[in-house]
Amino acid sequence: MPILDEARGILERAGYLVFSADATTLEFEDDTLMGFIAAYQFGEEIVRSWRDRQSSFLRKNAPALRSSGLKSWNVYSVFLAASNNYTETKRELLAIEEDFQSTRKIAQSNLVSATDVSRALFPLLSIQNLVELRQEDPTERLRARVGEKIFNAVQTMESTEELAQIFLETK
Amino acid sequence: MRLRSLYIDGFRGALSPVEVEFGDAFTVITGRNGAGKSTICDAIEYVLTGTLERFRLDTEKGEYIDDYLWWRGPGSPQRRIARLTFATDSGEEFILSRGPDGDTTQRGVEKLYDPTKAPESPLPRLCQTSIIRDETITRFSTDLSETERFDFVNRAIGISRFDKIEERLTLVNKRLRDLVALRKTEYDRVREEAARLTSELSQARITASSTANLQELLKAVTGSPEAPTDVREFLRASQLEITRNRAEIDDIERSSATLRQLDPAHPSQAELKRQLELQTSEMSEAEVAVKSAELELSRLAAALDSERLRSARIEALAQLREQGIRAGLQDGHCPLCGLHIGEGEYKAHLEELEREIRGFNDSLTSLVTQHADAKAKHQQLRSKFEQLRAAYQQTLSRSEAAEKAYAAGRAKIRDFGLTSGTNIATVIAPKRQRIELLEKTISSLRSSLALARVSDLERQLSTVQDKLRIADFELSRASSAESSAREFDAALKRVSAEIVDERLADLSPLLSELYLRLRPHSEWAEIQYLMRGDVRRFLSFTVGSDINPRFVFSSGQRRALGLSFLLAVHLSRSWCYLKTLILDDPVQHIDDYRAMHLVEVLSSIRRSGRQVICGIEDPALADLLCRRLKMEASGEGVKVEMRFSLGKGISAECTDVVPLVARALVSA
């Protein structure tokens, strides 16, 4: 799965302007956020090169960032890899994310599906699984279970005595 | 729908009017502790519900939150009012206000939610799911039990539509339970009555089976074969007669036996007479012996008296002899009589005196002994005589008493119609026959009554058995109705549970996404919810391999989990038109990394079209929020700085957040 292609599609659908910086890098921007996405085969490559990629981006866009005012605080450096060779890498990627210097970093590996890429990009996206809970009328389901006559009686009768009488008369 | 503005005067810490214009996109409220950030949330909740849920149950020294809703410091506010302005998606505005002085306006409140979908008490539910406070997050992260969590979800997302039905079913179930108990009691009572009647009937049948020829018996007893008019009186009188006859028979038999014992011809009486004769004879002999002893005693007494008369002379002789011995012969002359006497003769005279004195003493001693013996013998004989006389008297008394009793017995026997020589059996036999007749008549009469009783009991038993059939039918009917009502209740609970299961399944991806975004734990990126229980429902969370995060997460991690849950519930409400999320200081106890995640989640919620209002103490974090929350035009984002001044209360300074440069990289 080409990670960059997936990432581009996701960001464009989210309203970002996305453009390729080079074969392994996308740059993106909307009214609030901006940054770049670097794709890798292995997580270990992220550990080795993320600083260089971040510096390269900041250098290249220095004038734009300087002129962007407060928006320059909203830069994301996104490093995505398809797999890991070592379990230790996961911890190293976490350490990268916890480093808040210069840019906010997203460093994720083991991205094998479009869903994985989308999840990695969650900080840039609106809530993806918004749900309007279905409003099925549960009374219909209950009516079907207990029978029309008795259900109507329970639903409408205020008097306990009369309701008890209905239960007594219903087989 | 959005919150447009808030105006408070005199509410909580606001001595002077405080007005906040909310940004359509977001409002970040900042300020130190006590600056009034929470007052904004309190005012929103108060206008909608009239109370503050977080204090609702708190009381101290008899005071409640109602006593502290309004300014209590020095000075007095111009008014006491809290007012909210809402804007619908079409731009229409409406105002809700509430105050203690009748300034309450709630017109338009129904625009906030869909009444056909909303849960019971929609406004408190709206506040519970729209205003997320620090303490709410804490409660959901650590304190809330699984059932409370379930109830919260059940009510908040508007599923429970059965409240009224449940209430009615509870009452009906109780009524039918009581009815079953009542019918069971009635059935048991009738059943016991049937058993008692059956037993009585069985006994009456046994009694009735022993009926003899009653008419003949009655004729023999009363002279008439007709049954007595007063059966009870007849039975009583007959019983009395039987008792009387039995007593008379006893009396006759006892008297007869006594007479036989006292008859002079009876060996015991003859023996008594012979004993009397013997005692008379013995007494006469004893009397003669006593008299003889008296004579001997008199004789010895006289002899003794005579010897005592001689004793003076003997005494004088003894003195003379003593003097003679002491003086001795005086010149051949007796010193006692002066006669001239020889030595030998003198000595012989003295010896003669001695012999006479000794003989007297021996005779006197013998008489005294004989007299004492005779006296003792006399007393002995006298005592024996007295004993014999007493025994005789006793025997005589017995004999006289027997004669008297015999005479009385004979008189009594005569009273019973017996004369001497009559056999008492001839008197007793008719009485015995009468008793037997009466007893047979009574028994027969009772048997006759038992026949009527059998018939009566059979009729009663038939009636009671009919009643028993009816009672059984009614009991079955009530039990069946109770069972139906219980089954209805169970079906209701099952349907409720099914729907909650389905809704939570719908909610699950959202909850998972929020959990993943907040990333409370680096190891366990996924979360599952678990529901169990048919009657009491439990909702719990697990991470990893069925691990309960409550026991492995730190407090900050638990808060992040609680927050993801609360946000999921907030975002999934379909019944609520107000699209405003209000958070009061949600970042406490959260590290920078997770605070960043929270900011990004709020940014994502904002990107989803929600209005976000967030109170934050940390100014840097407030600035970060202002930068990250998306807005498209000036005025859509507002930053509110809250302050508290002594004597003035809280104040708010609202500043529009300037939109960021739309394109930086692209223009470059």
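Data block above holds the structure.
The rules behind each value
- Residues numbered from 1 in each chain as written.
- Chains lettered and ligands numbered in written order.
- Predicted model: local features only at pLDDT ≥ 70, side-chain atom pairs only at ≥ 80, totals over all residues.
- Buried ≥ 20, exposed ≤ 12 C-beta atoms within 10 Å, placed from the backbone.
- Helix = DSSP H or I, 4+ residues; strand = E, 2+ residues; numbered from the N terminus.
- Arc of directions from axis to C-beta.
- Contact = placed C-beta atoms within 7 Å.
- Pairing = 2+ DSSP bridges.
- Axes fitted to C-alpha atoms, helices over the stretch in contact; angles between N-to-C directions.
- Nonpolar A, V, L, I, M, F, W, Y, C, P; charged D, E, K, R; others polar.

(A) Here's a closer look at helix α1 (residues 3-13) of chain A. Residue and element names in this part refer to chain A. Those residues of α1 that fall on the buried side of the exposure criterion are Ile 3, Glu 6, Ala 7, Ile 10 and Leu 11. Projected down its long axis, α1 carries its buried residues within an arc of 125°, all on one side. Facing away from the buried side of α1 by more than 90 degrees, the exposed set consists of Glu 12 and Arg 13. Considering only its buried residues, α1 is in contact with β1 (17-22), β2 (25-29), β3 (34-42), β4 (75-83) and α5 (114-120).

(B) Representation of the sheet that holds β1 of chain A. All names here are of chain A. Spatial strand order, β1-β2-β3-β4-β5: 5 strands in an open sheet with mixed pairing. Of all the strands in the sheet, just β1 and β5 (104-108) have a single pairing partner and so form its edges. Looking at each pair of strands side by side, their axes are set apart by 20° on average, direction ignored. Pairing between β3 and β4: 8 bridges, direction parallel. Looking across to β4, one finds that Phe 42 is bridged to Ser 83.

(C) Representation of the sheet that holds strand β1 (residues 2-9) of chain B in the model. Residues and elements named next belong to chain B. Across the sheet, which stays open at both edges, the 4 strands sit in the order β2-β1-β4-β5 with antiparallel pairing between neighbours. Looking at the sheet topology across the chains shown, the edges are occupied by β2 (18-21) and β5 (93-98). The mean inter-strand angle of the sheet, taken between neighbouring strand axes irrespective of direction, is 15°. Its contacts with the sheet put helix α1 (residues 37-49) on β1, β2, β4 (81-87) and β5, and the angle it makes with β4 is roughly 85°.

(D) Summary view of the interface of chain B and chain A. Counting residues at the interface gives 55 residues for chain B and 50 residues for chain A. When residues of the side of chain B that touches chain A are traced back to their parent elements, those giving at least two are α5 (163-208), α10 (425-518), α12 (555-572), α13 (592-607) and α14 (619-628) of chain B. Looking at the side of chain B that touches chain A, the element that brings in the most residues is α10 of chain B, giving 19 residues. Here the residues of the side of chain B that touches chain A are counted per class, giving 31 nonpolar, 7 polar and 17 charged.

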